[in-house]
Every structure is written in C-alpha cells, then in structure tokens.
Amino acid sequence: MRNLLLAFVSFAAMLCSAMCQNSTPAMNQPATSAATARDANTDGNARKWWKEAVVYQIYPRSFKDSDGDGIGDLKGIISKLDYLKSLGIDVIWLNPIYGSPNDDNGYDISDYQAIMKEFGTMQDFDDLLKGMHARGLKLVMDLVVNHSSDEHEWFKQSRSSRDNPYRNYYHWWPAEKGKPAHRWSFFDVNADAWKFDEKTNSYYLHYFSQKQPDLNWENPKVREEVFFMMRFWFDKGVDGFRMDVIPFISKDTSFPPLPAEYHGDYIRYYASGPYTHDYLRAMNKEALSKYDVMSVAEGIGVTTADALDYVAADRHELNMLYHFEGVSLGYLPNSHKIPDPKGYSLVEFKNIYSKWDAAFASKGWGTIYLGNHDQPRMTTRWGNDAPQWRELSSKMLTTFLLTMRATPYYYAGDELGMTNIKFDRIEDYQDIETRNWYQLEKTSGQDVQKFLEAARITARDNGRTPFQWDRTTNAGFTTGKPWLKVNPNSTSVNVASEEGDPNSCLNYFRTMVRLRKNNPVLIYGKYTLLDKDNPDVYAYTRELDGKKVLVLLNFKDKSASVATGHDLSKAKTLLGNYPAPSTNGKLRPYEAAIYEW
Ligand code: ISL
C-alpha cells in the first residue's frame, strides 16, 4: 500500500511539477548559469534546418510489416518511403530499432550497434537510410542511454561478480548496508526501483522495468561507450538523436533518502541530478558537435525555469527538448492518469503553450506535439473522436501543431485522424506500463474497473495500434497476426480511402505542411495570444517582416465567438477545415481557420 501511495503521489507530483514555474532549480548548477549567459547572446531567431523541419515519428513495430510475422519492420518502412515523401515532412524519428528482448518494445537495448531481429538487418538499415536520403528525408534515431537491457553484455558481466570490470557500469547497493532508500519505478509491479540480485547479494537500480537497469554515468567508461556508439551511427549518416529520459542520467550516487524539497516528486528529483549538464556538454563535444545533426531531449521533469539550460545555443548541449506540461493536463490529481470527467480547461492549455513559447522567445527553440508512442491518440485526447467530429477536430489539432513557433513532432497515423482503440480487457494490452500498473492497482485493492475505464482514454497502446493503410485484412499492415489489435475503424480511416479524397485529414495535413514550409512567418514569426480567457477558442497571431497571420481554433463541439480585434473581412484566408472559413469571428464546431494580412 505504501508503494502504491508513493506511486500515486509521485505520478501526481510529476504532473504538478510540470505546472510549477518556480520549482527548485537543478542542484549544483555550474558557475556560469544559463541566466547570465542568456543576457549575453540571442540565438532564438538564428535560422537552422531543424527549426524549419516537420518531424514525423514512426513507431516501427506498428508501421508496416513486410514478412508476415505481425511486427512492423525496416523493409516495411522502405516500401512506404514514397508515401512518407508525399507528406512533405523533412525528418523521420524512429523509435528504438536496436537489439532488444522487447520488455519495453525496444527501450530495453541489449546491443546498441545491432538491429532488432524482428525489424531486419543492418543491410536493411543501410538501405532505409539511403532510400530516405535519396528522397531528401533525414533520419533521427532514439538514444536510450539512461538504462540498457539486463540482457546487454555489460549487465551480464556487471551482475556476475562484485569485482567484474563492468560492475560500475550500473548502480549497485550491497545488501549488507541494508535496504537502499526508496526510489520509485515507472514500470515495476511494486513501483520499487531497487531489485535484489541474489548472485552478488546486492540491489541494482532500475527507474523503469526490472529488465531496464540504469547505467552509471559517473563511470567515464560508460560515457565513452555512449559517445563512441553515437559516432558509430553518425558515421553511418544518421541525422540526429531523440534522447530518451535524458534528464535522468545523473544521480546522486550516495542514494540518500529523498530530499525534503522533492517529497512525493520523484520525477523532478530524477531530472535534477548533479552532473546532467556536464555530461551533456561532454556529449556535445565528443559526438554532436562533430556532425550537422539535431538533438532533442525527452524533457521529462524539465520546467520553463530550467529548459534553457538544456537548449540555449551558448550552452553547447542540445538543440531542443519536449516538455510534458501540455500532455499532462486534465488528469485527476493523485491518480494513474485518470482523466478529469469535466475534461481539460482550454484556458490552461493556452497558458501552458504560451508560457513555453515565451521560454524560447529570444533563446533556444521549442517543440510542439500532442501525440507520440507514450500518449493516446491526439484526436481522442484533445479533440473528439465521435464520428461527426473526428475529422474536423483532427484537422483543427493539425492546424495548431503546424502553426506554432516550435518544431512540430507529428505522430504517424495522426495525419489520418486515427483514434484510440479503447480496449475493455487488460489482456488486450501489450504495454508493460499498463499491465504492471494494473497489477499494482489490483494487489493494493484499488478499483481496477476504474483503471481500465481510464486506460481507454490514456493508455499508451492506444497510440501504438497498427498503422491503417487500407481496408483489407489487418488494415494492410500485415498478412500475419498483428502484435497488437487493429482499430476496427480502419475500414474507413486509412490511407487508401483518404488518398483520393481532397477533403480528407491526410490531404489537409499535406496542405498544412506545405503552408508552413512556404511561409516563414509560421516558423519564425512572433507569437501573440489573443482573447486569452476565451474558454472555447484558441486565437493567436504570428508576425514576421511585416507579414501577419491569424490562427483561430475552436476546441469545442459547439459554435463559439472570438474577439480578436481584427477585421477578418479584410483578410485573405489561407486555409480552413470548413469549405468556406468564417469571416465574422463566429466559429463552427472545431473550426480552424488561418488568415493573412
Ligand atoms: O509513457 C509515459 C507516460 O505514460 C511516461 O511515464 C514514460 O514512461 C516516460 O515518459 C519515459 O518515456 C520514455 O522512456 C521509457 C519508455 O517506455 C518510453 O516509451 C519512452 O518514451 C523507458 O525507456
């Protein structure tokens, strides 16, 4: 029960910490603080290819299966390169494709320089990269170096004896010192991040599952191995890395009881390690800076108060990070992602994205996303997946993502308006997070029905169901048995049927991407929020070099008015999700419209 409570408190605190502007700054900040450096230099408007890019994320397991084993693979992606090119996107981020026993679908890596056998071979990878580059597409890989798999050779050696040369590649706590201070685990059935290992009478640390032991970055050999591996992929020609839970790599290795200021907030604590920025600067020096590549942190636990420490150009660390504050909105406090039955507040939503825009107004650069492999489908979570609103709300959200001052990270399938599958039974879920949280709820006597009800909206597998290519068996994803069920709406929501429909979500996405790419004002233009207390409409302008664009987004399933102070009848309409966009400030349900002066 205590663990469950801690898990609840910790998860809630993660959401809360994301809301707190003035949370405790990172420990042991270097002498030249970001704040001082910030005044001396501005990089916010320096033009870079990765600021102008639209990033499209592919979950390889679910994209396209070429050999009938029910699991997507690299040859499958290769067979769809022309489709990817047709979207107009620039960069593809692939979730991990390395050697892995798949406890967490590739986020548990057993060989960083090999390709997962279900996904293909290194030759397939080389062909994929070549095919992408031939089409002018860039490839960003996932870098998962907070932890490895317990089946990685390093860990096998490390656990074999206390004096093995690899012992210090991981965090061990000898049992004769007693139980280590509690650390919370995301995926453990008891939420306990320490696992006792009989062989050497010691505990090892795993912030995620028991099969994902945390690497010890204090060991210079670990850092060298990681930088070497990064260069290996860069030398092959990859164009960047998305860095999994990178704010967690530095730990206070004395493992004290949780310091008082972090009580109940493990995530913020995990993101405040003493040497994070030293490690990132070393990574920049030894690997990133040697290539023309992009880097983006999964900015878990990072707030607007410390974001620039990661991404201001003069810090020489990373290019971008993505925050959790937006996607954490609308859950009940002290819950495992239980959505508030009242829904989320659009005013809060606007405040969050406006605050993050302001964080990068003169330095650094932002990102924007509503969906990824850890999130439910954006249309279900932030729009409305009821048949009459699915397309309109999905296009409205696409308009939002592609008109903000930040690099959009767009999740495969959202261009079709894919929605949550909403499983009823725990057996249908494959995800370790949902399965183990369910166990945790069950063993601690919680209401599992309530948990399952919430999972229909929030579980990660909702965003991982197979990509919907056509209306044939298994949506054209596989000729075998898909590893995760296909959404029954694939008979109507799929590429083949949307391809030929000029009003489809797919073609709207293509038009929207083109509009962004052809209008620098949508990339670099200053962002100003209008009518900020309007509970239904998100309205903002973007301005650059005398050009002004106004974006109006009705987030509700009813008509709504907006006061922009602009005469819309004099504006040119650039795009809308209704045949004729409104010109009087009265928006129809889920209406999105873009105007220009
Ligand atoms: O998915 C989440 C919320 O439902 C997060 O708690 C997630 O575990 C966290 O954002 C870290 O995510 C990353 O690392 C995990 C992996 O399972 C995720 O897929 C990955 O994006 C461990 O490597």
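Residues numbered from 1 in each chain as written. Predicted model: local features only at pLDDT ≥ 70, side-chain atom pairs only at ≥ 80, totals over all residues. Heavy atoms only, no water.

Some details on the domain arrangement of the chain
Now for step 1: Assigned domains of the chain: these are domain 1 (7-14 + 47-146 + 216-505), domain 2 (153-205) and domain 3 (526-596).
Now for step 2: With centres defined by C-alpha atoms, the gap from domain 2 to domain 3 works out at 55 Å. (Domains from an automatic or database assignment.)

Quick word on the sheet that holds strand β8 (residues 202-205)
Now for step 1: A sheet is described by the order of its strands in space; here 3 strands give the open sequence β6-β8-β7, paired in antiparallel fashion. Looking at the sheet topology across the chains shown, the edges are occupied by β6 (172-174) and β7 (194-197). Averaged over all pairs of adjacent strands, the angle between their axes in this sheet comes to 30°, without regard to strand direction.
Now for step 2: The pairing of β6 with β8 spans 3 bridges and is antiparallel. By the bridge assignment for β8, Pro174 is matched with Ser202.
Now for step 3: Its contacts with the sheet put helix α7 (residues 153-160) on β6, β7 and β8, and the angle it makes with β6 is roughly 10°. (Pairing = 2+ DSSP bridges. Helix = DSSP H or I, 4+ residues; strand = E, 2+ residues; numbered from the N terminus. Axes fitted to C-alpha atoms, helices over the stretch in contact; angles between N-to-C directions. Contact = heavy atoms within 4.5 Å.)

Some points on empty space enclosed by the protein
Now for step 1: Throughout the structure, instances matching the rule amount to 7 cavities of 30 Å³ or more.
Now for step 2: Its volume calculated, the second largest cavity comes out at about 110 Å³.
Now for step 3: Forming the boundary of the second largest cavity are Leu321, His323, Tyr353, Trp356, Asp357, Phe360, Gly366, Thr367, Ile368, Met404, Arg405 and Ala406.
Now for step 4: In terms of residue count, the dominant contributor to the lining of the second largest cavity is helix α12 (residues 346-359) (3 residues). (1 Å grid on protein atoms, 1.4 Å probe; cavity = no way out; pocket = protein on both sides within 12 Å on 5 of 7 lines; lining within 4 Å. Points joined across faces, edges and corners; volume = space filled by probe spheres on them.)

Observations concerning the packing of aromatic side chains
Aromatic ring pairs: the centre-centre distance and the angle between the two ring planes describe each pair.
Now for step 1: Counted by the stated rule, this structure contains 59 aromatic pairs.
Now for step 2: With a centroid separation of 6.4 Å and an interplanar angle of 50°, the aromatic rings of Tyr269 and Tyr270 are classed as tilted.
Now for step 3: Ring centres of Trp356 and Phe360 lie 6.0 Å apart, and the angle between their planes is 40°; this geometry places the pair in the tilted category.
Now for step 4: What makes Trp356 buried here is its relative accessible area of 4%.
Now for step 5: Three or more aromatic residues joined by ring pairs make a cluster, and in this case those are Trp184, Phe186, Phe187, Tyr207, Phe208, Phe248, Tyr262, Tyr266, Tyr269 and Tyr270.
Now for step 6: Its end group placed over the ring of Trp469, Lys80 keeps NZ or CZ at 4.2 Å from the ring centre.
Now for step 7: If you follow Lys138 out to its NZ or CZ, it ends over the ring of Trp49, 4.4 Å from the centre. (Phe/Tyr/Trp six-rings, centres within 6.5 Å; stacked < 30°, edge-to-face > 60°. Buried < 20%, exposed > 50% of the residue type's maximum accessible area, 1.4 Å probe, protein only. Lys NZ or Arg CZ within 6 Å of the ring centre and 35° of its normal.)

Focus: the environment of Arg47
Now for step 1: Note on placement: Arg47 falls in the loop between α2 (34-40) and α3 (49-52).
Now for step 2: In this structure Arg47 comes out as partly exposed when scored by relative accessible area, which is 49%.
Now for step 3: Sequence separation of Arg47 and Met396 is 349 residues, and the distance between their C-alpha atoms is 27 Å.
Now for step 4: Beyond its immediate stretch of four places on either side in the chain, Arg47 contacts Glu52, Pro520, Tyr524 and Leu544.

Focus on the site of the ligand
Now for step 1: If you check the shell around the ligand, you find 19 residues, and the closest are Asp104, Asp244, Glu298, Lys337 and Asp374.
Now for step 2: In this structure, an oxygen atom belonging to the ligand sits 3.0 Å away from a side-chain N or O atom of Glu433.
Now for step 3: Across the shell around the ligand, the residue classes tally to 7 nonpolar, 3 polar and 9 charged. (Near = heavy atom within 4 Å. Polar contact = N/O pair within 3.5 Å; in protein donor to acceptor, adjacent residues only side chain to side chain. Nonpolar A, V, L, I, M, F, W, Y, C, P; charged D, E, K, R; others polar.)

With respect to helix α6 (residues 122-134)
Now for step 1: Compared with the 18 Å implied by 1.5 Å per residue over 13 residues, the 18 Å span of α6 between its first and last C-alpha is a close match.
Now for step 2: For α6, the set of buried residues is Asp124, Phe125, Leu128, Leu129, Gly131 and Met132. Along the axis of α6, the buried residues cluster in a sector spanning 165°; they form a single face. Seen from the buried face of α6, the exposed residues on the opposite side, beyond 90 degrees, are Lys130 and Ala134.
Now for step 3: Tucked inside the fold, the buried residues of α6 contact α4 (74-79), α5 (81-86), β2 (91-94), β4 (111-115), β5 (138-143) and α8 (220-236).
Now for step 4: Where α6 terminates, the next one or two residues include Gly136, which has phi positive at roughly 75°. (Expected span 1.5 Å × (residues − 1). Arc of directions from axis to C-beta.)

Things to note about the pattern of salt bridges
Now for step 1: Applying the stated rule across the entire model yields 43 salt bridges.
Now for step 2: Put simply, Lys236 and Asp126 hold a salt bridge, and the shortest N to O gap is 2.8 Å. Linking Lys236 in helix α8 with Asp126 in helix α6, this pair joins segments that are 110 residues apart in sequence.
Now for step 3: Between Glu151 and Lys211 there is a salt bridge; the shortest N-O distance is 2.7 Å. Pair noted here: Glu151 is in the loop between β5 and α7 and Lys211 is in the loop between β8 and α8, with a separation of 60 residues, a long-range link.
Now for step 4: Connected via shared salt-bridge partners are Asp104, Lys337, Asp374, Asp431, Glu433, Arg460 and Arg464. (Salt bridge = Lys/Arg side-chain N within 4 Å of Asp/Glu carboxyl O.)

Looking at the side chain of Asp108
Now for step 1: Note on placement: Asp108 falls in the loop between β3 (98-99) and β4.
Now for step 2: Only 2.6 Å separates the side chain of Asp108 from the backbone nitrogen of Asp103, close enough to count as a polar contact.
Now for step 3: Each residue touching Asp108, except ones within four places of it in the same chain, is listed here: Gly99, Ser100, Pro101, Asn102, Asp103, Ser149, Lys211 and Gln212.

With respect to helix α18 (residues 505-518)
Two residues of an α-helix separated by three or four positions point the same way, owing to the 3.6 residues in each turn.
Now for step 1: The end-to-end C-alpha distance of α18, which contains 14 residues, comes to 20 Å, matching closely the 20 Å that a straight helix rising 1.5 Å per residue would cover.
Now for step 2: Of all 14 residues in α18, 10 are buried, a share of seventy percent or more.
Now for step 3: Restricting attention to buried positions, one finds in α18 the residues Cys505, Leu506, Asn507, Tyr508, Phe509, Arg510, Met512, Val513, Leu515 and Arg516.

A closer look at the sheet that holds strand β15 (residues 537-544)
Now for step 1: Spatial ordering of the open sheet is given by β14-β15-β16-β20-β18, a layout of 5 strands whose pairing is antiparallel. In this open sheet, the two strands that pair with only one neighbour each are β14 (526-530) and β18 (572-576). The mean inter-strand angle of the sheet, taken between neighbouring strand axes irrespective of direction, is 20°.
Now for step 2: Direction of pairing for β18 relative to strand β20 (residues 592-596): antiparallel, over a ladder of 4 bridges. Within β20, the position partnered with Leu575 by the bridge is Ile594.
Now for step 3: Lying on the sheet, helix α14 (residues 390-401) is in contact with β15, β16 (547-554) and β20; it crosses β16 at an angle near 145°.

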